[in-house]
Amino acid sequence: MKDKKTLTFSIMDGPYEQARTVTVFRLLDNAARRGYNLNVFAYEGAVNLPFSKQSKHPNAVHGHDAAEEDHPLPKDWVASLIQTAKKHGGALDWINCGLCVDERGAHEAIDGCRRGTPGDLWNWAQQSDNTLIVGTR
Amino acid sequence: MEKYLLIESRDPYETREVENNYALASSLATAGNDVTLFLVQNGVLPARKGAKLNGLQEVINSGVHVLGDEFSLRERGIAMDTLPKGIRAAPIDVVVDQLAEGRKAIWL
């Protein structure tokens, strides 16, 4: 595929903190639907985005049980992005910074996410058509 | 001439750092580069009718392509037909397009 591009993103914000995460996920979704190959290097709090033990909870203020509340979980968004990329002929490879994982005890990640080092980000940046670093503020 | 994509997600009323980011965009354009400033999230707030543009007017005057994320504008109730001259609404596709073309990209 002549126009198949490879884009790398680095994100650092943890779940439920910043609109930046949603914006990056919108970018990933858009690129995934084009069939691009995507790399995501999760650094610092972002390693908790694909944490597999996230669970839905009830909301007493809303009077909802867990099913009714249907609270969105970032791990499901990550899984959905991986599936979207695959469905359109691309791939989304997700690496969690290993030291950041150890610091946070976030060892359990969903399928499709693995552990690595900042060296992986460097290698991806060398191999990609472009790289966008989205830092914390 | 280089091509740049700058992404601003904050508004200039939140932090003065944004004014420095505007100055970066203006400087790059004044130096002859092709510069897109993509405003997203609260970055679109200066585009609200009646808001003070602060340094953003200089960015526009310097020839930077200033775009406001359609989704962010809708979220904040900013009608796209009321944007100041020099700011255009655009889908987030533009960012992916420009990343794919290999522009130098900075999330400010």
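How each quantity is defined
Here the residue numbering is sequential within each chain, running from 1 through the sequence in written order. A letter from A marks each chain and a number from 1 marks each ligand, given out in the order of writing. Where local features are concerned, this predicted model is filtered to residues with pLDDT of at least 70; where side-chain atom pairs are given and counted, the filter is 80 or more; whole-chain, interface and lining totals use all residues. Side-chain descriptors were evaluated using all non-hydrogen atoms of the structure, hydrogens and water having been removed beforehand. For each residue, the accessible area found with a 1.4 Å probe, counting protein chains only, is set against the maximum for its type, and the residue is called buried under 20%, exposed over 50%, and partly exposed in between. Runs of E in the DSSP output that reach at least two residues are strands. Runs of H or I that reach at least four are helices, and both are numbered from the N terminus. Should DSSP find at least two bridges between two strands, the strands are regarded as paired. Note on handedness: a crossover is taken as right-handed if, strands pointing away from the viewer, the path from the first strand over the helix to the second is clockwise. Multiplying 1.5 Å by the helix residue count minus one yields the expected span of that helix. Axes here mean lines fitted to C-alpha atoms, for a helix over just the part in contact, with angles spanning 0 to 180 degrees between N-to-C directions. Should any heavy atoms of two residues lie within 4.5 Å, those residues are considered in contact. A simple way to read buried area is as the amount of 1.4 Å-probe accessible surface that goes missing from two parts once joined, with both sides added. Note on definitions: salt bridges are taken to be side-chain nitrogens of Lys or Arg within 4 Å of carboxyl oxygens of Asp or Glu. Whenever two N or O atoms come within 3.5 Å, that pair is a polar contact, provided that in protein one can donate a hydrogen and the other can accept it, and provided that, for residues adjacent in sequence, both atoms are side-chain atoms. Each pair of aromatic rings taken from Phe, Tyr and Trp, with Trp reduced to its six-membered ring, is defined by centres within 6.5 Å and is described as stacked if the planes are under 30 degrees apart, edge-to-face if over 60, and tilted in the remaining cases.

1. Remarks on the pairing of strand 3 (residues 65–69) of chain B
Residue and element names in this part refer to chain B.
For step 1, the next point in the chain: Along strand 3, 4 of the 5 residues are buried, which leaves the element largely enclosed by surrounding structure.
For step 2, the next point in the chain: Relative to strand 3, strand 2 (residues 34–39) runs parallel, the two being bridged by 4 bridges. Bridging across to strand 3, T36 finds its partner in H65.
For step 3, the next point in the chain: The β-α-β motif built from strand 2, the intervening helix 2 (residues 56–61) and the parallel element strand 3 has right-handed crossover chirality.
For step 4, the next point in the chain: Taking the sense of rotation as the criterion, the β-α-β connection linking strand 3, helix 3 (residues 70–75) and strand 4 (residues 87–90) turns out right-handed.

2. As for helix 1 (residues 19–32) of chain A
All names here are of chain A.
For step 1, the next point in the chain: Helix length check: helix 1 (14 residues) gives 20 Å between terminal C-alpha atoms against 20 Å at 1.5 Å per residue, within 8%.
For step 2, the next point in the chain: The element helix 1 is extensively covered by neighbouring structure, given that 11 of its 14 residues are classed as buried.
For step 3, the next point in the chain: Those residues of helix 1 not exposed but buried are R20, T21, T23, V24, F25, R26, L27, L28, N30, A31 and A32.

3. Thoughts on the sheet that holds strand 5 (residues 104–107) of chain B
All names here are of chain B.
For step 1, the next point in the chain: Pairing is parallel in the open sheet, where 5 strands are placed in the order 4-3-2-1-5. Only two strands of the sheet have a single neighbouring strand rather than two, namely strand 4 and strand 5. Pairwise comparison of adjacent strand axes, ignoring direction, gives a mean angle of 25 degrees for this sheet.
For step 2, the next point in the chain: With 6 bridges joining them, strand 1 (residues 3–8) and strand 2 adopt parallel strand pairing. Bridged to K3 within strand 2 is D34.
For step 3, the next point in the chain: Strands strand 1 and strand 2 of the sheet are contacted by helix 1 (residues 17–30), whose axis makes an angle of about 165 degrees with strand 1.
For step 4, the next point in the chain: Packing of helix 4 (residues 93–100) onto the sheet brings it into contact with strand 1, strand 2, strand 3, strand 4 and strand 5, and relative to strand 1 it is tilted by some 145 degrees.

4. A closer look at the sheet that holds strand 3 (residues 91–97) of chain A
Residues and elements named next belong to chain A.
For step 1, the next point in the chain: Overall, parallel pairing links the 5 strands, which are arranged 4-3-2-1-5 in an open sheet. Every interior strand has two partners, whereas the edge strands, strand 4 (113–116) and strand 5 (130–134), have only one. Recorded for the sheet is a direction-independent mean angle of 20 degrees between the axes of neighbouring strands.
For step 2, the next point in the chain: Strand contacts of helix 3 (residues 74–87): strand 3 and strand 4, with the helix running at about 145 degrees to strand 3, the strand carrying the most contacts.
For step 3, the next point in the chain: Packed onto the sheet, helix 5 (residues 118–127) meets strand 1 (6–11), strand 2 (37–42), strand 3, strand 4 and strand 5 and runs at close to 150 degrees relative to strand 2.

5. Observations concerning the interface of chain B and chain A
For step 1, the next point in the chain: Every contact between the two is made by 22 residues of chain B and, on the other side, 20 residues of chain A.
For step 2, the next point in the chain: Together, the buried faces of chain B and chain A total about 1700 Å²; carbon and sulfur atoms form 60% of this surface.
For step 3, the next point in the chain: Interface area lost by chain B to chain A is led by V96(B), L99(B) and W107(B), which between them contribute 39%.
For step 4, the next point in the chain: Our count for the chain B to chain A interface comes out at 2 salt bridges.
For step 5, the next point in the chain: The partner of R26(A) in a salt bridge is D69(B), with the nearest N and O atoms 2.8 Å apart.
For step 6, the next point in the chain: At the junction of chain B and chain A, the tally comes to 9 residue pairs in polar contact (both at pLDDT 80 or more).
For step 7, the next point in the chain: No other element matches the 7 residues that helix 4 of chain B contributes to the side of chain B that touches chain A.

6. Notes on the pairing of strand 2 of chain B
For step 1, the next point in the chain: Taken across its 6 residues, strand 2 of chain B has 6 buried, putting it largely inside the fold.
For step 2, the next point in the chain: Judged by which residues are buried, strand 2 of chain B turns out to be covered on both faces: D34(B), T36(B) and F38(B) on one side and V35(B), L37(B) and L39(B) on the other are all buried.

7. Some words on the packing of aromatic side chains
Two descriptors summarise a pair of aromatic rings, namely the distance from one centre to the other and the angle between the planes of the rings.
All names here are of chain A.
For step 1, the next point in the chain: Under the definition given, this model contains 2 aromatic pairs over all chains.
For step 2, the next point in the chain: When the ring of F25 is compared with that of W77, the centres are 6.3 Å apart and the planes differ by 85 degrees; the resulting orientation is edge-to-face. Here W77 lies in helix 3 and F25 lies in helix 1, a separation of 52 residues in the sequence.
For step 3, the next point in the chain: Overall, the relative accessible area of 8% leaves F25 in the buried class.

Any functional reading would require information beyond the geometric quantities listed.
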